[in-house]
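One letter stands for each residue in the lines below.
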Amino acid sequence: MSTVRAACPKPAAQMNATYADDTVIEWNDFYENGEYERIAYIGEEAMPKLLRRFFERHGAPESFASIGCGPAAAEFALAPDYPDTAFYGYDISEAVIEDNATHAAREGLSNMHFDVASLPNLGIDRRFDVVYCLATLYFVDGVDDSVNALYDLVKPGGYLIFNYPNRYTMWTFDAAFEGSRRDLFHRVVDGKNLLSYERIRHLLDANPKSYWKLMDAEALPFVGRDTPCVYLRKPEN
Ligand SMILES: C[S@@+](CC[C@H](N)C(=O)[O-])C[C@H]1O[C@@H](n2cnc3c(N)ncnc32)[C@H](O)[C@@H]1O
């Protein structure tokens, strides 16, 4: 099974709002509490290393966007070494965006920029060489629109990298999660936001390929059939 951080926001107890509103409340509560680690949610220390490998092999992009960036662990790890890359982090939670901006300013990382944006209607008025969305589609309503929104953000010739829940993730989470954790992942357990290579191909009219394979990461312990992670390169025109 995949490694998912033990620290997770608790679902709101009583809900009158939409799920999208609930998501903001859950994640804001979690981040406002302040007791989170700046570490990647899946793969932990491995993810910044894999992203660095991607930059080394495919060239450092001029612009990089992380959607659902959370504490932006991989981005903060790379930003000091890639001052010519503009890193943009977007998240539904205002609290983590403010924390990230404060941390970037304190570290003198003028190549890092943060703003609130939420899938699937991001409202981001620019395009990027690399768009990265990790451990976020679990929590999103409108997964088809979200995948399209992510791909729309990619410049021609650029890359989209994202992971998603599939039916194996659903079976794993269904067997493993109870209580508030199960509530948090309700979209996955209920099979509401599952994707597959075939579905992504249909949505984008482009072929997804394994990011794990591209990065020689298939043997890592958190990689399995329930943790698919793909990349696509957008045609030049
Ligand atoms: C598990 S964390 C992943 C953080 C980071 N990408 C990583 O891999 O460590 C999921 C993040 O998605 C954000 N999120 C949840 N729903 C979202 C949405 N609809 N749009 C944008 N971000 C969302 C949460 O606030 C949270 O920071």
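Everything below is about the structure printed above this text.
Residues numbered from 1 in each chain as written. Predicted model: local features only at pLDDT ≥ 70, side-chain atom pairs only at ≥ 80, totals over all residues. Heavy atoms only, no water.

What follows covers the nonpolar core. Of all hydrophobic cores here, the largest spans 52 residues; its most connected members are M47, Y132, I161, F185, Y211 and W212. A per-element tally of this core places helix α2 (residues 46–58) first, with six residues. Membership of the second largest hydrophobic core comes to 31 residues, among which are L122, L150, V154 and F162. (Core = buried A, V, L, I, M, F, W, Y, C linked by side-chain atoms within 4.5 Å. Buried < 20%, exposed > 50% of the residue type's maximum accessible area, 1.4 Å probe, protein only. Helix = DSSP H or I, 4+ residues; strand = E, 2+ residues; numbered from the N terminus.)

Near the ligand you find 18 residues, and of these Y31, Y41, G68, D91 and L119 are the closest. D91 has a polar side-chain atom sitting 2.5 Å from an oxygen atom of the ligand. Note that a nitrogen atom of the ligand is positioned 2.8 Å from one of the backbone N or O atoms of L134. For the ligand, whose free accessible area comes to 600 Å², the fraction covered by protein is 95%. Of the residues assigned to the shell around the ligand, the class counts are 12 nonpolar, five polar and one charged. (Near = heavy atom within 4 Å. Polar contact = N/O pair within 3.5 Å; in protein donor to acceptor, adjacent residues only side chain to side chain. Areas by Shrake-Rupley, 256 points an atom, 1.4 Å probe, with all protein chains shown as cover. Nonpolar A, V, L, I, M, F, W, Y, C, P; charged D, E, K, R; others polar.)

Moving on, we get to the environment of N111. By secondary structure assignment, the location of N111 is in the loop between α4 (94–106) and β3 (112–116). Sequence spacing of N111 and F55 is 56 residues, and the spatial spacing of their C-alpha atoms is 16 Å. Non-local contacts of N111, meaning those with residues more than four positions away in its chain, are made with A79, Y82, P83, T85, A86 and F87. A polar side-chain atom of N111 sits 3.1 Å from the main-chain carbonyl oxygen of A79. (Contact = heavy atoms within 4.5 Å.)

Time to look at the side chain of T136. With respect to the helices and strands, T136 occurs in the loop between β4 (128–133) and α5 (143–152). Sequence-distant contacts of T136, that is, excluding residues within four places in its chain, are made with I67, G68, L119 and N163.

Within the structure shown, the criterion is met by zero disulfides. Looking at the unpaired C69, the closest cysteine sulfur is the one in C133, lying at 10 Å. Judged by its relative accessible area of 9%, C69 falls in the buried class. With no disulfide of its own, C229 lies closest to C133 among cysteine sulfurs, the gap being 9.6 Å. (Disulfide = S-S within 2.5 Å.)

Moving on: the pairing of strand β1 (residues 63–67). Most of β1 sits inside the fold, with five of its five residues counted as buried. Covered by surrounding structure in β1 are S63, A65 and I67 together with F64 and S66, the residues of both alternating faces. Note that β1 and strand β2 (residues 86–91) share five bridges and pair parallel. Each bridged residue has a counterpart across the sheet, and for A65 the counterpart in β2 is Y88. After leaving β1, the chain enters helix α3 (residues 73–78) and then returns to the sheet as β2, a path that is right-handed. Across three bridges, the pairing between β1 and β4 is parallel. Within β4, the position partnered with A65 by the bridge is V131. (Pairing = 2+ DSSP bridges. Right-handed = clockwise from strand over helix to strand, strands pointing away.)

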